[in-house]
Amino acid sequence: MKRYHRLWGLALCLLLIPTMAVANDFSDYKTAAGDTAVVNLPTVEAGWFVATDFFPEDTEAMIDGTFAAEGRLIAANNQSIYLQRTYGSSQWDVVGTVPAPMDPSFIHVSPDGSKIALGCGYGAPLAIIDTTTLSVSNPQLLFDTDYTANGVTVFPLVNYYDGDWVDNQYFVVNGGSWPSGCEPPYDSNPNCSFESGIGVVDTEDDDPSTHVGVPLVFGIPGSSGDVDVDSNGNLLTGIGFKTMPTNRTGELKVWAKDDWNPTSGSFTLQDYETTGAIVAENILSVAYLGEDAEGNLHVGGGDAFGYTPPYPNENGYAALIKAGIVADIADGDRTDPVNDGDKTDNGEYKYFAPDPCQDDSATGILAGNWGRGLAVMWNPTYYEDNGICYGNTGSASDYWSPGVTPRLTIYYPGSAPDSDGDGIVDASDNAYLTENPGQEDTDGDGYGNAVDADFDDTGVVDISDYQTFRNKYGNSATDSEYDMNSDGYIDVTDYQMFRGRYGTAGPWY
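Draft legend 1. Broad picture of the environment of Q439. Residue placement: Q439 occurs in the loop between β29 (407-411) and α5 (463-472). Separated by 11 residues in sequence, Q439 and A450 place their C-alpha atoms 8.4 Å apart. Leaving out residues up to four positions away in the same chain, Q439 has contacts with D422, I424, S428, D429 and N430. For Q439, the side chain forms a polar contact with the main-chain nitrogen of N430, separated by 3.0 Å.

Written out as structure tokens, the structure reads:
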């Protein structure tokens, strides 16, 4: 009887309160007010690209004991690993170094944020790095040919193109002929050097110097694509590039969790051509696979090889597949591939093209579940900020190379959190716990004026900052760095804000 009383009470409440719409990030990314923000990644000085990732929601990982990793971006390029100074910032701090310039394949943070998988590039080792090993104040060399720092594990024999964490121990990679060369099971195929495969690496293996992982999927034709383990435990990968005898570039397949059982210790080798189910037949070059906070599958890539007619040009955009479709295909509840159309938004497929020129040879995409942002990485070489496109547009003219400063355009749905209620979502707010709708940052250090009382940039608010502030007290807003509330005056309100920060050390929110 109580059950019916509770149901009746619930029905009555629903009649008395306004109806709340259920959040739908997939539909909302392009329509929410103020839905985009831009972050500049570290400039490419060597190699081809910048690898980047978000730290996950609810991680307890800390860097230097003061920088909460949750929701921050981490990046790899040149000879450094960089940490985003604060949310929404294009300022980066070096937190670790490697012995040689990277052409990074990936940097991926584990589900709990405690580890980082770094693929330094072709022929370089896979490195697994404890987050606590990184340091803003004292970045160290993480490994060398005869040295490995505490908290770092190096796997020199693992061959990779890209990868993804299964959990906090196992890491899957798509790595060319797995694990390398043409040893079994590839030696039965005379064309094995033109195939790729997937294997799983135990990042806690007792002998990483000899560990090559365990093969999972073999015989993937053409060039490597990304690999992803989604929130349901399904495994996804596909064909990065294959045009002969027919075009199969962008073919994406899924294997249900029960078919590959990633953490049992026993793995069943799968033949790509005879197992798995097709999710899509033409999704870019199936790079940058992953999920957003709602479970929508994102896909990046493009025409890095320079497709020629009659194959479609797929330059300068990334795609999103609606949540639930992959699970239905993996479970056998659906057999038809995703209707991806021709860059046409529909009920199960969306595309994102932050580069107005749409001439990038490759486009990255990643999701941050803490801030619910969907970040699309693009190359602005042939785009001017005044909105003008120039160069050989339409034929993948924006090839990645040294000198490029990649941009992340981050799309936010209406569900994105705004903790201080100032209209700026947390993941793009340079002081996400303090109202500062104008995002003023006079000294350009990444911290908003509303929280930045470190006027001499020593990392601590101390007597030196107080003396400087006292000398500026009463001045007009020409000294806007000291006008912490940005009202045009340096007065008692600013002093009270300064006093609240006195004695603190960065980061400030």
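Draft legend 2. Spatial organisation of the sheet that holds strand β10 (residues 140-141). Reading across from one edge, β2-β5-β6-β10 is the order of the four strands in this open sheet, with mixed pairing throughout. Each edge of the open sheet is held by one strand with a lone partner, namely β2 (51-54) and β10. Two strands pair when backbone bridges link them, and strand β6 (residues 92-102) and β10 are joined in this way by two bridges, in the parallel orientation. The residue bridging G96 from the neighbouring strand is Q140, located in β10.

Draft legend 3. Inspection of the confidence of the model for the chain at higher detail. Residues at a pLDDT of 70 or more form 88% of the chain, whose mean pLDDT is 87. Confidence drops under a pLDDT of 50 for residues 184-188, and excluding neighbours within four residues, the segment shows 13 contacts in the predicted structure.

Draft legend 4. Quick look at helix α6 (residues 492-501). Among the residues of α6, those classed as buried are D494, F498 and R501. All buried residues of α6 project into a common sector of 60° when viewed along the axis, lining one side. For α6, the exposed residues lying more than 90 degrees away from the buried face are R499 and G500. Directly after α6, the chain includes G503, whose backbone phi takes a positive value near 85°.

Draft legend 5. Layout of the pattern of salt bridges. Going through the model one piece at a time under the given rule, you end up with nine salt bridges. Note that D93 is salt-bridged to R85, the shortest N-O span being 2.8 Å. Exposure remark for D93: the relative accessible area of 14% places this residue in the buried category. Here the residues in one salt-bridge network are R248, E251 and E273, joined through shared partners.

Draft legend 6. Spatial organisation of the packing of aromatic side chains. Inspection of every chain in the model, using the stated rule, returns 25 aromatic pairs. A ring pair is formed by F49 and W400, whose centres lie 4.2 Å apart and whose planes are at 75°; its orientation type is edge-to-face. A residue pair is termed long-range when its members are at least 10 positions apart, and F49 in the loop between β1 (36-40) and β2 and W400 in the loop between β28 (373-378) and β29 qualify at 351 residues. Each member of the pair, F49 as well as W400, is classed as buried. When the centroid spacing of 5.5 Å and the interplanar angle of 65° are considered together, the rings of Y432 and Y509 count as edge-to-face. Remark: Y509 occurs in the segment after α6 and Y432 occurs in the loop between β29 and α5; sequence separation between them is 77 residues. Feature note: the residues F455, Y466, F469, Y473, Y482, Y495, F498 and Y502 constitute an aromatic cluster, connected by ring pairs. Here the guanidinium or amino end of K30 rests over the ring plane of Y351, the centre of that ring lying 4.7 Å away. Against the face of F352 rests K30, its NZ or CZ located 5.2 Å from the ring centre.

Thresholds applied
- Residues numbered from 1 in each chain as written.
- Predicted model: local features only at pLDDT ≥ 70, side-chain atom pairs only at ≥ 80, totals over all residues.
- Heavy atoms only, no water.
- Helix = DSSP H or I, 4+ residues; strand = E, 2+ residues; numbered from the N terminus.
- Contact = heavy atoms within 4.5 Å.
- Polar contact = N/O pair within 3.5 Å; in protein donor to acceptor, adjacent residues only side chain to side chain.
- Pairing = 2+ DSSP bridges.
- pLDDT = per-residue confidence, 0-100.
- Buried < 20%, exposed > 50% of the residue type's maximum accessible area, 1.4 Å probe, protein only.
- Arc of directions from axis to C-beta.
- Salt bridge = Lys/Arg side-chain N within 4 Å of Asp/Glu carboxyl O.
- Phe/Tyr/Trp six-rings, centres within 6.5 Å; stacked < 30°, edge-to-face > 60°.
- Lys NZ or Arg CZ within 6 Å of the ring centre and 35° of its normal.

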